[in-house]
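Summary of structural features
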Amino acid sequence: MITKLRQFLNYEMTVAEWIALGVLLGIPYGIAGLIWSSTHSDHLRGMHGADLVVSFLGSIVSWPVLLFSNVCMT
């Protein structure tokens, strides 16, 4: 068991493999953020232009925090 764990932890990854892993993990995160932000856009109604874009992108990136705060406030 220890040998297998040591062998797993000694595996080296290239930069391309790290980038691919980041993309593979980032796609579902981004899709979930896009869905959550699209269904919870009440706070964006009075915004226009760059403020709207930045706020929408910020809500996509920080959807787990916003989800948690939404659950705790109700």
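Because the structure is a prediction, the values reported are computed rather than measured.

**Brief notes about the overall build of the protein**
- Looking only at helices and strands, one finds 4 helices and 0 strands in the protein.
- Ordering the α and β elements of the protein from the N terminus gives α-α-α-α.
- Taken over the C-alpha trace, the protein has a radius of gyration of 19 Å; the compact-globule value for 74 residues is 11 Å, which it surpasses by more than 25%.
- Structurally, the protein occupies a C-alpha span of about 60 × 30 × 15 Å along its principal axes.
- In the protein, buried positions account for 9% of the 74 residues.
- As displayed, the protein has an accessible area near 6,300 Å², and 74% of this comes from carbon and sulfur atoms.

**A look at the side chain of serine 37**
- Within the secondary structure layout, serine 37 lies in helix H2 (residues 15-39).
- Residue contacts for serine 37: discarding those within four places in its chain leaves Phe56, Ser59 and Ile60.

**Thoughts on the environment of alanine 32**
- Checked against the element boundaries, alanine 32 lands in helix H2.
- Considered as a pair, alanine 32 and tryptophan 63 are 31 residues apart in the sequence and their alpha carbons are 8.0 Å apart.

**Things to note about the confidence of the model for the protein**
- Scored by pLDDT, the protein comes out at a mean of 88, with 95% of its residues at no less than 70.
- When pLDDT is averaged over each element of the protein, H2 comes out on top at 94 and helix H4 (residues 63-73) at the bottom at 78.

**With respect to a nonpolar patch on the surface**
- Taken together, the side chains of Val15, Ile19, Val23, Ile27, Ile31 and Ile35 make up a nonpolar region of the molecular surface, amounting to roughly 580 Å² of accessible area.
- Inspection of the secondary structure assignment puts isoleucine 35 in helix H2.

**Topic: the packing of aromatic side chains**
- Under the definition given, this model contains 1 aromatic pair.
- Consider the rings of tyrosine 29 and tryptophan 63, whose centres lie 5.6 Å apart with planes at 45°: the pair is tilted. Separated by 34 residues along the polypeptide, tyrosine 29 in helix H2 and tryptophan 63 in helix H4 bring together distant segments of the chain.
- A relative accessible area of 37% means that tyrosine 29 is categorised as partly exposed.
- Owing to a relative accessible area of 18%, tryptophan 63 belongs among the buried residues under this scheme.

Cut-off values and rules
Residues numbered from 1 in each chain as written. Predicted model: local features only at pLDDT ≥ 70, side-chain atom pairs only at ≥ 80, totals over all residues. Heavy atoms only, no water. Helix = DSSP H or I, 4+ residues; strand = E, 2+ residues; numbered from the N terminus. Rg over C-alpha atoms; globule rule 2.2 N^0.38 Å. Buried < 20%, exposed > 50% of the residue type's maximum accessible area, 1.4 Å probe, protein only. Areas by Shrake-Rupley, 256 points an atom, 1.4 Å probe, with all protein chains shown as cover. Contact = heavy atoms within 4.5 Å. pLDDT = per-residue confidence, 0-100. Patch = residues over 30% accessible without salt bridge, like charges linked within 9 Å, V, L, I, M, F, W, Y side chains within 5 Å. Salt bridge = Lys/Arg side-chain N within 4 Å of Asp/Glu carboxyl O. Phe/Tyr/Trp six-rings, centres within 6.5 Å; stacked < 30°, edge-to-face > 60°.

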